[in-house]
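# Remarks on the overall topology
Residue strings, one per chain:
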Amino acid sequence: MGIITGGDIDLMKESGRIVRRALDEMISFIVTGVTTKEIEAVGREIIEAEGATPSFLGYNGYPAAVCVSINQEVVHGIPSVNRRVKDGDLVSIDVGAYKDGFHGDAADTVIVGLADPRAMLLVRTVYEARDLGIKAAKSGNTLGDIGSAIQKHVEAQGFSIVRALVGHGIGRKLHEPPQVPNFGRAGRGMKLAEGLTLAIEPMINIGGYRVNTMQDNWTVVTADGSLSAHAEHSIVVCGCEPLILTA
Ligand code: MF3
Ligand code: CO
């Protein structure tokens, strides 16, 4: 479990800053016609130029530095020279960076060009839900308070929360305990302590919550083919407002 103190917070901030920069540059790079492999290259170059390494590359055999997941793809889309983003696509980018012993992890979702209003609401809702989850991540609160805040907001909009994948502790390892579900009941689960470092990452679908993994053994897609969006920040739990490392 990543409980962080003193100078280690500065190291986590540095990893978070690099993740943010890579994510921002990849998102600015997206236009109709670019391949997901080209998007990955932009992120990878920044991470390496910052003296960091991509956290995902080689993780459980994952073959790339970032995940790019489009439309009904929920997460873990593998960048490809054959996949071009097109007008109206909903594109999620997930990236992690490792430097001086610590990981950062974040994801954003954007829509390319002219967007469908329902897709726009989905994207807005995933950011709002993530930020409500972060707000609930105060010391003294519980994991259930985070999940409940996220779930309530998403379901109030008529969307569903993916259950098969969850957020996680983060620090010296990319994935540490505890698991951070994006659903649950307020007051339940582990109590949050000051200094606990978490990646909070709701994945939400327009249709049902069920997902499948594709033939490539990585890409997670919605079972009903509906659109999905993902947003993630790495944070540190504090007594007051959590510190967002990837803001
Ligand atoms: N942000 C995701 C996560 O926290 C991506 C990591 S999956 C990887 O689970 F295998 F590609 F690294
Ligand atoms: Co993560």
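For the structure itself, look to the data block above.
Below or above, wherever it landed, is the structure these notes cover. Since the structure is predicted, the reported quantities are computational estimates derived from the model, not experimental observations.

Parameters at a glance
- Residues numbered from 1 in each chain as written.
- Chains lettered and ligands numbered in written order.
- Predicted model: local features only at pLDDT ≥ 70, side-chain atom pairs only at ≥ 80, totals over all residues.
- Heavy atoms only, no water.
- Pairing = 2+ DSSP bridges.
- Helix = DSSP H or I, 4+ residues; strand = E, 2+ residues; numbered from the N terminus.
- Contact = heavy atoms within 4.5 Å.
- Axes fitted to C-alpha atoms, helices over the stretch in contact; angles between N-to-C directions.
- Phe/Tyr/Trp six-rings, centres within 6.5 Å; stacked < 30°, edge-to-face > 60°.
- Lys NZ or Arg CZ within 6 Å of the ring centre and 35° of its normal.
- Near = heavy atom within 4 Å.
- Polar contact = N/O pair within 3.5 Å; in protein donor to acceptor, adjacent residues only side chain to side chain.
- Areas by Shrake-Rupley, 256 points an atom, 1.4 Å probe, with all protein chains shown as cover.
- 1 Å grid on protein atoms, 1.4 Å probe; cavity = no way out; pocket = protein on both sides within 12 Å on 5 of 7 lines; lining within 4 Å.
- Sits in = over half its atoms within 2 Å of the grid points.
- Nonpolar A, V, L, I, M, F, W, Y, C, P; charged D, E, K, R; others polar.
- Salt bridge = Lys/Arg side-chain N within 4 Å of Asp/Glu carboxyl O.
- Buried < 20%, exposed > 50% of the residue type's maximum accessible area, 1.4 Å probe, protein only.
- Parallel < 35°, antiparallel > 145°, perpendicular 65-115°, else oblique.
- Left-handed = near helix turned anticlockwise from the far one by under 90°.

This brings us to the sheet that holds strand β8 (residues 176–180). One open sheet accounts for five strands, arranged β8-β7-β9-β14-β15; its pairing is antiparallel. Two strands close off the open sheet at either side, each with one partner strand: β8 and β15 (243–244). Note: strand β7 (residues 167–169) against strand β9 (residues 197–200), two bridges, orientation antiparallel. By the bridge assignment for β9, Gly169 is matched with Leu198. Running over the sheet, helix α4 (residues 143–156) touches β8 and β9 and is turned about 40° from β8.

Bringing unusual backbone geometry into the picture now. A cis amide bond, omega 0°, links Pro177 with the succeeding residue Pro178. Summarising the element assignment, Pro178 is placed in strand β8. Of note, Asp100 is a non-glycine position whose phi angle comes to about 45°, a positive value. Inspection of the secondary structure assignment puts Asp100 in the loop between β4 (90–99) and β5 (102–111).

Time to look at the sheet that holds strand β11 (residues 211–213). If you trace the three strands from one edge of the open sheet to the other, you get β3-β12-β11, paired in antiparallel fashion. In this open sheet, the two edge strands, each paired with only one partner strand, are β3 (73–75) and β11. Mean inter-strand twist for the sheet, computed between neighbouring axes without regard to direction, equals 40°. Relative to strand β12 (residues 220–222), β11 runs antiparallel, the two being bridged by three bridges. What sits directly across from Thr213, in β12, is Val220.

Moving on, we come to the packing of aromatic side chains. Going through the model one piece at a time under the given rule, you end up with one aromatic pair. Between Arg163 and the ring centre of Phe183, over which it is positioned, the NZ or CZ distance is 4.8 Å. The ring of Tyr209 carries the charged tip of Arg163 above its face, separated from the ring centre by 5.1 Å.

What surrounds ligand 1 is the set Phe56, Tyr59, Tyr62, Cys67, His76, Asp94, Asp105, His168, His175, Glu201, Trp218 and Glu232. Here an oxygen atom of ligand 1 sits 2.9 Å away from a polar atom, N or O, in the side chain of Asp105. Contacts to ligand 1 include Glu201, whose side-chain N or O atom sits 3.1 Å from an oxygen atom. Here ligand 1 has 330 Å² of accessible area as a free molecule, and 95% of this is covered by the chains. Spatially, ligand 1 is embedded in the largest pocket. Residue composition of the shell around ligand 1, by class: five nonpolar, three polar and four charged.

Side-chain pairs of opposite charge can arise where the charged atoms are in close proximity. What the rule picks out here adds up to 15 salt bridges. A salt bridge links Arg21 to Glu50; the shortest N-O distance between them is 2.7 Å. With a gap of 29 residues between them, Arg21 in helix α1 (residues 7–29) and Glu50 in the loop between α2 (36–49) and β1 (53–54) connect regions that are remote in the sequence. The exposure class of Arg21 is partly exposed, given its relative accessible area of 35%. A salt bridge links Arg44 to Glu48, with the nearest nitrogen and oxygen atoms 3.3 Å apart. Linking Arg44 with Glu48, this pair stays in helix α2, spanning four residues, or about one helical turn. Taken together, the shared-partner salt bridges in this structure form one network comprising Glu14, Arg17, Arg21, Glu50 and Lys99.

A few words now on the packing of helix α3 (residues 117–135) against α4. It is the contact of α3 with α4, at a shortest axis distance of 8 Å, that shows an interaxial angle of 155°. Classified by the angle between their axes, α3 and α4 sit roughly antiparallel to one another. Helix-helix and strand crossings are classified by hand; for α3 and α4 the assignment is right-handed. Residues Thr125, Glu128, Ala129, Leu132 and Gly133 of α3 pack against Ile146, Ala149, Ile150, His153 and Val154 of α4. By residue class, the composition of the contact of α3 with α4 is six nonpolar, three polar and one charged.

Any functional reading would require information that these geometric values do not contain.
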